[in-house]
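Analysis of the macromolecular model
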Amino acid sequence: MSHTVIETAGNGPLAGDGVPTAAPRIDPDQRGGLIPAGGIRDGVLYFQRCRWCHTATFRRLLCPVCGSTDMAEERSDGTGVIHHVTVVGRSAGRPRAMAIIDMREGFRIRARVSAVPLARACVGAQVRLGFGPQPQEIAFQLCD
Ligand SMILES: [Zn+2]
């Protein structure tokens, strides 16, 4: 009997589609100061890059590729391309676009995209970091 199934390791305990949200929040599974670095500070988006394999990630404790915990924080230039977009809140009458964005540096985040009309926030659209109505809320805006 030969088992040739190769399991891909290192994906870790990903919730849902595994794309971390850009919204500031405290997850119940991130106790005791284990909140990963990365996020918005002073209007700048920071992400992490593995010191071993140089994979860019956002708010992860472990490198998703090699499993290293040796991550360096880097500054993002705040631009990316919409990979996936969902319009939420239609029933409440205040629809908004929640997108998964492939950032230029190679990491992926989930964030709101401001667009008028909302249909302009489509897959492949270029976006840049902006801010929402709430302090610390990330809302990307379309690049013209
Ligand atoms: Zn790595």
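Here the structure is a predicted model, which means the values were calculated and not measured. (Residues numbered from 1 in each chain as written. Predicted model: local features only at pLDDT ≥ 70, side-chain atom pairs only at ≥ 80, totals over all residues.)

**So, the pairing of strand S9 (residues 139-142)**
Bridge count between strand S7 (residues 108-114) and S9: 3 bridges; the pairing is parallel. The partner of Ser114 across the bridge, within S9, is Gln141. Pairing geometry for strand S8 (residues 126-128) and S9, over 2 bridges, is antiparallel. For Arg128, the partnering residue across the bridge sits in S9 and is Gln141. (Pairing = 2+ DSSP bridges. Helix = DSSP H or I, 4+ residues; strand = E, 2+ residues; numbered from the N terminus.)

**A word on the sheet that holds strand S6 (residues 96-103)**
In spatial order, the strands read S5-S6-S7-S9-S8; together these 5 strands close into a barrel with mixed pairing. Neighbour-to-neighbour, the strand axes of this sheet turn through a mean angle of 55°, independent of strand direction. Relative to S6, strand S5 (residues 79-88) runs antiparallel, the two sharing 8 bridges. Bridge pairing in S6 links Gly80 to Met103. (Axes fitted to C-alpha atoms, helices over the stretch in contact; angles between N-to-C directions.)

**Observations regarding the nonpolar core**
One finds Ala99, Ile101, Ala111, Val113 and Phe140 to be the most contacted residues of the largest nonpolar core, which totals 18 residues. Secondary-structure elements contributing two or more residues to this core are strand S2 (44-50), S6 and S7. When residues in this core are grouped by element, the largest group, 4 residues, is from S6. Residue assignment places this core across two domains, with domain 1 (39-75) and domain 2 (79-142) each supplying three or more. In this structure, Phe140 is in contact with Ala99, Ile101, Ala111, Val113, Val127, Arg128, Leu129 and Gly130, ignoring residues within four places of it in sequence. (Core = buried A, V, L, I, M, F, W, Y, C linked by C-beta atoms within 7 Å. Buried ≥ 20, exposed ≤ 12 C-beta atoms within 10 Å, placed from the backbone. Domains from an automatic or database assignment. Contact = placed C-beta atoms within 7 Å.)

**As for the environment of Arg59**
Here Arg59 is to be found in the loop between strand S3 (56-57) and strand S4 (71-75). On the basis of neighbour counts, which here come to 19 C-beta atoms within 10 Å, the residue Arg59 falls in the partly exposed class. It is 7.0 Å that separates the C-alpha atoms of Arg59 and Phe47, two residues lying 12 residues apart in sequence.

**Observations concerning the environment of Ile82**
Mapping Ile82 onto the fold places it in strand S5. Ile82 gets classed as buried once you count the C-beta atoms within 10 Å, which come to 22. Here the alpha-carbon distance between Ile82 and Gln126, two residues 44 residues apart in the chain, equals 6.5 Å. Once residues within four sequence positions are removed from consideration, Ile82 is found in contact with Ala99, Ile101, Val113, Ala121, Cys122, Val123, Gly124, Ala125 and Val127.

The values reported here are purely geometric and, on their own, carry no functional implication.
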